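Commentary on secondary and tertiary structure
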Amino acid sequence: MNQAEQQLSNNYRTALIDLLYQMADDELTIGHRSSEWLGIAPDLEEDIAFSSISQDEVGHATFYFELLSELGEGDPDKLAFARTKEKRQNARVLERPNHDWAYTIARGYFYDVFDHIRLQELLQTNYTPLQKGVQKILREERYHLLHMETWFERLGVAKGEAKGRLENAVITIWPDLTDLFSLGRSNEILRKEGIFPISESALSDKWTQQVKPLFDRTELMWPGTPHVMTGNGRLGVHTSDLQQLLDMMTEVYRSDLIATW
Amino acid sequence: MSDVQLQIFMDRIQQGQKIESTDWMPDDYRKLVIKQIHMHGISEVMGAYPEKEWVPKAPNLRRKLALIAKVQDEIGHGQLLLRVAEDAAKPFGKVRDDMITDLFVNKVKFHNVFHMEAPTWADAGIIGFLVDGGAIITQASLLESSYGPYARVLQRICAEESFHMQHGESVVLSLAEGTAEQREMLQAAVTRWWPSMMFFFGPPEMSSGAQRMMEYKIRTRTNEELRQKFINRYVPRVLSLGMTLPDNQLAYHAETKLWTYTEPDWEKFSYMVQHNSGPKSQARIELRRQAHEDQKWVRDAMIRAGQVIEAMA
């Protein structure tokens, strides 16, 4: 009998499921957005690289949806395609449109630093199926982070239009970042049950410790720790951007809910 | 160029030797090689767009992943081929950037199929099934090309195209085994794409450029040979899906081992390819222009950043 089939306490189960939805929805949403660059990235080499990243992200989402499925949440495709906006638990910044390359890189970098911290912390989780998957996923995410960090730094040191665009991107993204560090309604239980070892504020601090030095290196103004919560995606509060994304993503799926595609 | 030099070159071609980019070759040969690979490379890049439209709408996780990977491959083929073309064009001082911008000023053509609409999910499947299926036939024949770098890069491309065809076939099979609406959608896509596929291989009467490419063994099969091979392979496959083909002239003749078929509207399709006047030609060229011109600032920034970082080191 695997851990998913064992009698997990209600508290444990609910918290674990919440966390997995956050991770699955984060990865699917950013994977979808990344794939929108297909064919229109700044050069052919980057098109190919970004496509690999989006495949990894959708692949990771699939893994988390499969874990949810093992926990009795239903078919992975249904979880990815049939849930309404209010059921989604991704951070709001990930549902925003791609804007320009500077926005995409800045968001990608901020998210990848966060995701990398989240994954490293999850090496300590007591939920073995997740812990095992995370080991593999971390190997891929390391490259995403390196890729985004390199781009971010280079856009910054290039000065001129690139740096101007990067500064604008930071200003636009910053207010959207607060719920990235939210662990949703199961925040306390996740720690108490040994599913996720650190608090929201520790997550946010670790993130700042990594991101701020790059701001200094590229001579970007540090806008302070993001703190004014505009709406919490982890609690299903989303922007109309997510609705538009879902309308697009589920167009064929919705055309016949029982058909096999 | 001396007659002796040319004779030695033609002897090498006749003996089936591969010509390398740094070998001596007649200008005529070089120009034909560049033209062929440039057009092929740009077609791969433009071939990403019809399916790109369906990536955000792919109806399940597996299809979404597969389609992203397929479109990535097409861009990757474009990248490989344009590098090969760039190498061949070195003596003329032409670089990849020029080869991409040629598209915006109508100096390079791309395959007729990528000018066409892909209005349903079934089109996304049919493109993999029929267009990639057709491309495999053309490209497999080019593995024998006398131009070595082209023949080598095609080995990888052919291997990937066969995955694409299997992906397309899998999408198409799901629809064929699906609901009445899905089958109807599939039939409409088959009907829509068939005439384009008949044009895809080019007219039976080949242009003088194409004939010279045959003499130089840059390519080794005629348009009609390739088309016959396609028809022979795909008619039974389409029929076995329970679909029909929009051509009442289609028939196999055992005595000639050839198929008869209704000729596509050569004039209409040629005009479309020459003038980029197909239903989606301009919209897709515009996407490439956005990628290339609207994001020149990114490429410029990377050059500057590279200089700054080098100076710091």
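Structural notes, computed from the coordinates. (Residues numbered from 1 in each chain as written. Chains lettered and ligands numbered in written order. Predicted model: local features only at pLDDT ≥ 70, side-chain atom pairs only at ≥ 80, totals over all residues.)

Quick word on the overall build of chain A
Counting its secondary structure elements, chain A contains ten helices and zero strands. When the helices and strands of chain A are read in sequence order from the N terminus, they spell out α-α-α-α-α-α-α-α-α-α. Counting only C-alpha atoms and orienting by the principal axes, one finds that chain A spans roughly 60 × 45 × 35 Å. Of all 261 residues assigned to chain A, the portion counted as buried reaches 45%. In chain A, 77% of the contacts between residues at least 6 apart in sequence involve partners at least 24 apart. (Helix = DSSP H or I, 4+ residues; strand = E, 2+ residues; numbered from the N terminus. Buried ≥ 20, exposed ≤ 12 C-beta atoms within 10 Å, placed from the backbone. Contact = placed C-beta atoms within 7 Å.)

Brief notes about the interface of chain B and chain A
Residue-level contacts link 39 residues of chain B with 40 residues of chain A. Of all elements in the fold, only helix H3 (48–52), helix H4 (61–88), helix H8 (180–200), helix H12 (281–292) and helix H13 (296–312) of chain B reach the threshold of two or more residues within the side of chain B that touches chain A. Looking at the side of chain B that touches chain A, the element that brings in the most residues is H4(B), giving twelve residues. A class-by-class count of the residues in the side of chain B that touches chain A yields 21 nonpolar, eleven polar and seven charged. (Nonpolar A, V, L, I, M, F, W, Y, C, P; charged D, E, K, R; others polar.)

Quick look at helix H7 (residues 148–176) of chain B
An α-helix turns once per 3.6 residues; consequently, residues spaced three or four apart project the same way. Residue and element names in this part refer to chain B. Relative to the 42 Å expected for 29 residues at 1.5 Å per residue, H7 spans 41 Å between its end C-alpha atoms, a close match to the ideal helical length. At Gln 155, H7 is deflected by roughly 30 degrees, the largest bend along its length. Listed as buried for H7 are Pro 149, Tyr 150, Leu 154, Ile 157, Glu 161, His 164, His 167, Gly 168, Val 171, Val 172, Leu 175 and Ala 176. Looking at the packing, one finds that the buried side of H7 touches helix H2 (27–46), H4, helix H6 (121–142) and H8. (Expected span 1.5 Å × (residues − 1). Bend = angle between axes of the 7 residues up to and from the residue.)

Remarks on the packing of H2(B) against H4(B)
All names here are of chain B. Their axes nearest at 7 Å, the elements H2 and H4 cross at an angle of 160 degrees. By the angle between their directions, the pair H2 and H4 is classed as roughly antiparallel. When you trace H2 past H4, the crossing you get is left-handed. The residues of H4 that touch H2, namely those facing Arg 30, Val 33, Ile 34, Ile 37, His 38, His 40, Gly 41, Glu 44 and Val 45, are Glu 74, Ile 75, His 77, Gly 78, Leu 81, Leu 82, Val 84, Ala 85 and Ala 88. Here the contact of H2 with H4 is composed, by residue class, of ten nonpolar, five polar and three charged. (Axes fitted to C-alpha atoms, helices over the stretch in contact; angles between N-to-C directions. Parallel < 35°, antiparallel > 145°, perpendicular 65-115°, else oblique. Left-handed = near helix turned anticlockwise from the far one by under 90°.)

A few points about helix H6 (residues 160–173) of chain A
With 14 residues, H6(A) ought to run about 20 Å at 1.5 Å a step, and its terminal C-alpha atoms sit 20 Å apart, in line with that. Check the buried side of H6(A) and you find it contacts helix H4 (101–122) and helix H5 (128–157) of chain A together with H13 of chain B.

Observations concerning unusual backbone geometry
All names here are of chain A. Positioned with a positive phi, His 99 is a non-glycine residue whose angle comes to about 50 degrees. Of note, His 99 is situated in the loop between helix H3 (76–81) and H4. Here His 99 falls in the partly exposed class, since 15 other C-beta atoms lie within 10 Å of it.

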